[in-house]
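One letter stands for each residue in the lines below.
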Amino acid sequence: MRGMSLYPMYILYTNSSCELFTGSLWEPVVCFLQAIRRNGSSDTTVLVNCEEEPTSAVDENIQRQPSTHSKEPLSALGQFFTCFAVQRTFPGLFSTATKPGQILSLNGIRVLSINWVVLGHVYYIGINVGGDGLTVIELYRRGSFSFVWNAFPSVDSFFCLSGFLVSYLLLKELSRRGGTFNVLGYYVHRYIRLTAPYLLVILVQGFLVPVYLTGPFSEIIEQGHQMCKDWWWTNLLYINNLVPWNKVRICVGQSWYLSNDMQFFIIAPLFIVLLYRKPLIGLLVTTGTWACSALLAGGLTYYEDFGPTPVFDSNGVNMTQFRMMYVKPWIRVPPYLIGILGGWLFYKYRNTMQLLIGRLSLIKKLAVGICIWSISCSIQYAVVFGLHHDMLRKLDDQSLPTTSESVSYETLARSGWGIALTLQIIACETGLGGIVGQILSWKVWLVFSRLTYAVYLVHFILIQTLVAQLRHAFYFAPDYEVAIIYLGCLAMSYAFAVLLYTFLEQPLSYLERLTYRKPTN
């Protein structure tokens, strides 16, 4: 372990040599960038979408060809501007090239999950801002509508996917480098890639939109503007789910998820490195932390007399359950830890599982696959639709679920969803996915999966903008009209996501290659 400066904040964990600095404060920064560059791009392969950036023939030509006006290679300034060349960034979006070992089924799950998130927010914002009371009540009486009002597991899917991929990729890195990895590169790369588009959305949603947007329900935009004005800095530090402690003051309403995910990402190496070096101890620590979190959720539900989800919160005006449980990392971490364990199991036993399953006869393979999918889908069905009768009781006589029901659901639901999803991922990647695995592994999902982060950032303000300008109550009937609104919001979200990806996300990845990341072969 080398490269420890006299300043604690400049500690490096790298295989490169770097002298102790006693001079300029900039010297450790230069040393850090040089160290990451020497160690290569594999130090920072855990990306926003947890995959290597796409490359295309256009990209390779621009990298390799000299300037059209000279036979000399491009200057540093020329290389800088080519990072923003649309003919380089835009084609990369549509690349479907894959590498051996990629977990393709995750792309389909990621896209379907973000579409579910957008659907839930269309109804959530519409109902809470301008929804017509009678049609809303009729919606909640439908059993199928539980898929919308109880869409909370869609976010748990992302936590599980993130934990799975971080674990799987970091374990590969630890194996390749003899149990070490570039710690600062791991964190700095993640922060830069997440924060640049995030900052732009904060500026637009928190400060620009309130300037020109007016309408009967524009107070939702004005409230967001005031929160961003006072608390924008908590977003950049990824602590807006913790600060302020006793109030909900979140600039960019959906960004609580990003803070949780960053906090989980920060602590993930503690579990993953332990699983790599001391598997038994790592397994005990990870499962113990998972169990403590689940029990804490049940305990808080019992002590505060909360319902099974924030929808049942009797003190919903003050968002007490949302503030104390829904956005807190120590409550939301179980799916992430389950994902870490799933990634570890998949990394350690992938070849063994594929070999054993490959030796099974068709009938046995079919039986095992049906068993896994039946169990996992039953768990997911119970998590999403299991509260329908409790919702009917609430609508009929304003009664809440019993304490035992609420405690059981809060204790088990997130863990159950994470376990079921992890089983399905492993089934898809070991030959037990069947037609579902084939669909989720379609390469077309690669294109849309690159946009999921940008869609998550932009969709909320697009829906708020639509609702804020309504000149009438938001009626949720007939269904096809709502479907048109949803599909319109979804299409616009993807359209803006393409712009964000083309002009910011992908250029930023090229800038990283230009400065301290070498492109992979």
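Within any chain, residue numbers begin from 1 and follow the written order of that chain's sequence. Per-residue local features are limited, in this predicted model, to residues with pLDDT of at least 70; the limit for side-chain atom pairs, both in listing and counting, is 80 or more; totals at the level of whole chains, interfaces and linings are taken over all residues. Only hydrogens and water are set aside when side-chain values are computed; all heavy atoms of the structure are taken into account.

Here Arg190 shows up in helix α9 (residues 183–212). You can call Arg190 buried: its relative accessible area is 3%. A 3.5 Å cut-off defines polar contacts: any pair of N or O atoms within that distance qualifies, except that in protein one atom must be a possible hydrogen donor and the other a possible acceptor, and neighbouring residues in sequence count only when both atoms are side-chain atoms. A polar contact is formed between the side chain of Arg190 and the side chain of Asp261, at a distance of 2.5 Å. Elements are defined by DSSP. Helices are runs of H or I of four residues or more, strands are runs of E of two residues or more, and each kind is numbered from the N terminus. For every residue, the accessible area obtained with a 1.4 Å probe (protein chains only) is divided by the maximum for its type, and the residue is called buried under 20%, exposed over 50%, and partly exposed between those limits.

To continue, consider the confidence of the model for the protein chain. The quantity known as pLDDT measures the predictor's confidence residue by residue, on a range of 0 to 100. Averaged over every residue, the pLDDT of the protein chain is 84; the share at 70 or more is 83%. Whether two residues are in contact is decided by their heavy atoms: any pair within 4.5 Å suffices. Between residues 1–26, whose pLDDT stays under 50, and residues either more than four places distant or in other chains, the model counts 46 contacts. A low-confidence stretch, residues 35–70 stays under pLDDT 50, and its non-local contacts, those more than four residues away or across chains, total 104 contacts.

Each patch is built from residues that are more than 30% exposed by relative accessible area and take part in no salt bridge. Like charges join if they lie within 9 Å; nonpolar side chains (Val, Leu, Ile, Met, Phe, Trp, Tyr) join within 5 Å. All accessible areas in this document rest on Shrake-Rupley with a 1.4 Å probe, and a residue is counted as covered only by the protein chains that are shown. We define a salt bridge as a side-chain nitrogen of Lys or Arg found within 4 Å of a carboxyl oxygen belonging to Asp or Glu. Taken together, the side chains of Leu199, Leu200, Leu203, Val204, Phe207, Leu208, Val211, Tyr212, Trp232, Trp233 and Leu237 make up a nonpolar region of the molecular surface, amounting to roughly 1000 Å² of accessible area. Looking at the nonpolar patch, the elements that each hand over two or more residues are α9 and α10 (219–236). Among the elements that line the nonpolar patch, the one with the most residues is α9, at eight residues. Topologically, Val211 is positioned in helix α9.

This paragraph deals with the packing of helix α16 (residues 362–385) against helix α18 (residues 403–429). Put simply, α16 and α18 touch, their axes get as near as 9 Å, and they point 145 degrees apart. In this structure, the crossing between α16 and α18 has a hand that is left-handed. Across the interface between the two elements, Ile372, Trp373, Ser376, Cys377, Ile379, Gln380, Val383 and Val384 of α16 pack against Tyr409, Ala413, Gly416, Trp417, Ala420, Leu421, Leu423, Gln424, Ala427 and Cys428 of α18. Asp, Glu, Lys and Arg are counted as charged, while Ala, Val, Leu, Ile, Met, Phe, Trp, Tyr, Cys and Pro are counted as nonpolar; the rest, among them Gly, fall into the polar class. For the contact of α16 with α18, the per-class residue count stands at 14 nonpolar, four polar and no charged. What counts as an axis is a line fitted to C-alpha atoms, over the stretch in contact for a helix, and the angles between N-to-C directions run from 0 to 180 degrees. Here is the rule for handedness: rotate from the far helix to the near one, and if that takes an anticlockwise turn smaller than a right angle the crossing is left-handed, while a clockwise turn gives right-handed.

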